[in-house]
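# Examination of the molecular architecture
The lines below spell out each chain.
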Amino acid sequence: MNLPKLSPVALATTAAVLLVAGVAVYFITRPAAPDASKAAAVKPALTVTTTVPETASLPVRLSANGNITAWQEAIIGSESNGLRLVKVMANVGDKVKAGQVLAVFSADSVQTEVAQARANLAEAEANAADAIANNARARTLENSGALSAQQIAQYATAEQSAKARVEAARAALDAQQLRGRQTQVLAPDNGVISAREATLGAVVGAGTELFRMIRGGRLEWRAEVTSYEVGRIKPGMVAQVTAASGAQIKGRVRMIAPSVDPQTRTALVYVDLPASAGLTPPTKAAEGAPGMALAGMFARGEFDLGATPALTIPQQALVIRDGFNYVFRVNPNNQVSQIKVQTGRLSGQRVEITSGLDANARLVASGAGFLNDGDVVRVNDTPPPTTAPATPAAPAPASVASAPAAAK
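## What to know about the sheet that holds strand β5 (residues 83–88)
What the 4 strands build is an open sheet, ordered β8-β7-β5-β10; its pairing is antiparallel. Both outer strands of the open sheet, β8 (184–186) and β10 (203–204), are each paired with one neighbouring strand and no more. Sheet topology note: the strand β7 (residues 101–105)/β8 ladder contains 3 bridges and is antiparallel. Among the inter-strand pairings, A103 is bridged to a residue of β8, identified as V185.

The structure is reproduced here in structure tokens:
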């Protein structure tokens, strides 16, 4: 059979149609190229280590602020009136003992008055002796009728009056002697002088303040606690006090104020501080000894309320962003999820999580600060290999040739 002969134009047209059809079939049937964004998302963003929350017993502490004050401050004043100070034997910061002489007043005028009172007593005693003798003689004449009953009664009255004058003179002498003893100002108790108003040569009146003394050198911390928190504190609890000087002092709650300040709604908690935390002798104070707590200092402290169990995570697993706390949970497909949590107490390198976290969650322990929500990570929890210490090489054996030489 004879086929029709095609012209060159028809052949070229047919070839072009077949080429276009082949190219179309190729682009339709070829596999689609992978999306670049999806490929980048599948690639691990970071190699991390993981951790799980742990339950630990954390201490419960209550923070408070307050002032350090004297346990009791004694005011030492003058008992004499109108006497001149001739000696001042104590200064601020001195440690004194009960009965120690702190200051001395002039005793010249007092000694003169004592001598006068003693003379008055002697005169009264002489007059009393004469009155006693006269009364005794009058009694012997009572039955003879030489003296009337009125005269005899007068002698008895004179005797009683003379005895009374003796007692009055003796009391006046005791008063002057007491005034003489009051020329010495004595410490009423052991303690530390905290203030001095005594000035040498001054003439002071009775009741004038001369010294102030911290009894026993004892200090206390008066913590201000809110009405809500005061019920959690009990006498005998331990408190860790930090003074403004940096001194760390351990005290113990002595008592809680029975009332609350109606203006501030706070109650005072009195915490006894050890005597070693108080004032030091002037020689040590001049050296600037650290850790000194002084009355009037501001201090902050914490009351130890015991311990409670808590869910904790390593502090490095916590990420702070925009003022909130987050952790990154590793899902089974190694994709991380950003979870907002609430934190509580801090103990060493671990922090308490109070809400927002499952106890069985697997968390990113290191590198969490470089991750975002939805990132894929590579987990490497294998501990680094331990490098064995190098073994020192054994000394090389001596050569045979050197043996005879050593023997020689």
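## Description of the nonpolar core
The biggest cluster of nonpolar side chains holds 28 residues, and the ones touching the most others in it are L102, F105, I193, L210 and F211. With 7 residues, helix α3 (residues 108–140) is the single largest residue contributor to this core. When near neighbours in sequence (up to four residues on either side) are disregarded, F105 contacts S78, L83, R84, L85, V86, Q182, T183, V185, V204 and L210. Among the nonpolar cores identified, the runner-up in size contains 26 residues, and A64, V230, V271 and L273 belong to it.

## Observations regarding the sheet that holds strand β9 (residues 191–196)
Judged by pairing direction, the sheet is antiparallel, and its 4 strands sit side by side in the order β4-β11-β9-β6 without closing on themselves. Unpaired on one side and paired on the other, β4 (73–77) and β6 (95–96) mark the two borders of the sheet. Here 2 bridges tie β6 to β9, and the two strands are oriented antiparallel to one another. Bridging across to β9, V96 finds its partner in G191.

## Digging into α3
Look at α3: 49 Å from first C-alpha to last across 33 residues, which is about the 48 Å you get at 1.5 Å a residue. Of all the positions in α3, only V110, V114, A117, L121, A124, A128, A131, N135 and A138 are classed as buried. Its buried side turned inward, α3 meets β5 and α4 (149–181).

## Brief notes about the environment of K97
As for its placement among the helices and strands, K97 is situated in the loop between β6 and β7. Overall, K97 belongs to the exposed group, its relative accessible area being 62%. With 95 residues separating them along the chain, K97 and V192 place their C-alpha atoms 8.8 Å apart. Once residues within four sequence positions are removed from consideration, K97 is found in contact with A187, D189 and N190.

## Concerning the side chain of S80
As for its placement among the helices and strands, S80 is situated in the loop between β4 and β5. Among the residues examined, S80 registers a relative accessible area of 1% and is labelled buried. Of note is the side chain of S80, whose polar atom sits 3.4 Å from the backbone oxygen of Q182. Contact partners of S80, with chain neighbours within four places excluded, come to R179, Q182, T183, V204, G205 and A206.

## Considerations on the packing of α3 against α4
The geometry of α3 relative to α4 is characterised by a closest axis approach of 8 Å and an angle of 165° between their N-to-C directions. Classified by the interaxial angle, the pair formed by α3 and α4 is roughly antiparallel. Here α3 runs over α4; the crossing is left-handed. Across the contact of α3 with α4, the residue classes break down as 18 nonpolar, 7 polar and 9 charged.

## Let's talk about unusual backbone geometry
Although it is not a glycine, D322 sits at a positive phi angle of roughly 60°. Relative to the helices and strands, D322 resides in the loop between β17 (319–321) and β18 (324–330).

## Observations regarding the side chain of S106
Structurally, S106 is set in the loop between β7 and α3. In this structure, S106 is in contact with L83, R84, V86 and T183, ignoring residues within four places of it in sequence.

## Some thoughts on the confidence of the model for the protein
Residues shown with low pLDDT carry predicted positions that ought not to be read at fine detail. Looking at the protein as a whole, its pLDDT mean stands at 81, while 80% of the residues score no less than 70. By mean pLDDT, the top-scoring element of the protein is strand β15 (residues 266–272) (94), and the lowest-scoring one is helix α5 (residues 282–286) (37). Here residues 32–41 scores under 50 on pLDDT; set against residues more than four positions off or in separate chains, the count is 1 contact. Low confidence marks residues 279–290, where pLDDT is under 50. Its contacts with residues over four positions away, or in another chain, come to 13 contacts.

## Some words on the pattern of salt bridges
This model, assessed by the stated rule, comprises 14 salt bridges. Between E220 and R254 there is a salt bridge; the shortest N-O distance is 2.8 Å. Linking E220 in strand β12 (residues 219–226) with R254 in strand β14 (residues 248–256), this pair joins segments that are 34 residues apart in sequence. In this structure, R345 engages E352 in a salt bridge whose closest nitrogen and oxygen atoms are separated by 2.9 Å. Look at E352 and you get buried, because its relative accessible area is 11%.

## Topic: the packing of aromatic side chains
Here the structure, examined in full by the defined rule, presents 1 aromatic pair. For the ring pair W221 and F303, a centre distance of 5.7 Å and an interplane angle of 25° mean the geometry is stacked. Taken together, the positions of W221 in strand β12 and F303 in strand β16 (residues 298–314) put the pair 82 residues apart, joining distant regions of the chain. The pair W221 / F303 is uniform in exposure class, with both members buried. One Lys or Arg, R218, reaches over the ring of W71 and ends 3.8 Å from the middle of that ring. Above the ring of F324, the side-chain terminus of K340 is found at 3.7 Å from the ring centroid.

Rules and cut-offs
- Once a new chain begins, its residue numbering starts again from 1 and follows that chain's sequence as written.
- pLDDT decides what is reported in this predicted model: residues at 70 or higher carry local features, side-chain atom pairs at 80 or more are listed and counted, and totals for whole chains, interfaces and linings draw on all residues regardless.
- Values reported for side chains reflect all heavy atoms of the structure, with hydrogen atoms and water molecules removed beforehand.
- A pair of strands is considered paired only if DSSP assigns at least 2 bridges between the two.
- Comment: elements are numbered from the N terminus, with helices defined as DSSP H or I runs of at least four residues and strands as E runs of at least two.
- Within this scheme, the nonpolar core is defined by two criteria: the residues are buried Ala, Val, Leu, Ile, Met, Phe, Trp, Tyr or Cys, and they are joined through side-chain atoms within 4.5 Å.
- Residue burial is assigned from relative accessible area. The probe radius is 1.4 Å, only protein chains are included, and a residue is buried under 20% of its type maximum, exposed over 50%, and partly exposed in between.
- Residues are treated as being in contact if the distance between any of their heavy atoms lies within 4.5 Å.
- Multiplying 1.5 Å by the helix residue count minus one yields the expected span of that helix.
- Pairs of N or O atoms are called polar contacts if they sit within 3.5 Å, as long as, within protein, a hydrogen donor faces a hydrogen acceptor (for residues adjacent in sequence, only side-chain-to-side-chain pairs).
- Axis definition: a line fitted to C-alpha atoms, over the contacting stretch in the case of helices. Angles run 0 to 180 degrees between N-to-C directions.
- Any angle between 65 and 115 degrees counts as roughly perpendicular, while under 35 counts as roughly parallel, over 145 as roughly antiparallel, and the rest as oblique.
- Throughout, a crossing is termed right-handed when the near helix is turned clockwise from the far one, and left-handed when it is turned anticlockwise from it by less than a right angle.
- Under the scheme applied here, ten amino acids are nonpolar (Ala, Val, Leu, Ile, Met, Phe, Trp, Tyr, Cys and Pro), four are charged (Asp, Glu, Lys and Arg), and all others, including Gly, are polar.
- On a scale of 0 to 100, pLDDT captures the predictor's confidence in every residue.
- Put simply, a salt bridge is a Lys or Arg side-chain nitrogen that is within 4 Å of an Asp or Glu carboxyl oxygen.
- Note on aromatic contacts: the rings of Phe and Tyr and the six-membered ring of Trp form a pair at centre separations within 6.5 Å, being stacked when their planes are under 30 degrees apart, edge-to-face when over 60 apart, and tilted otherwise.
- Should the NZ of a Lys or the CZ of an Arg lie within 6 Å of a ring centre and within 35 degrees of the ring normal, that charge is described as sitting over the ring.

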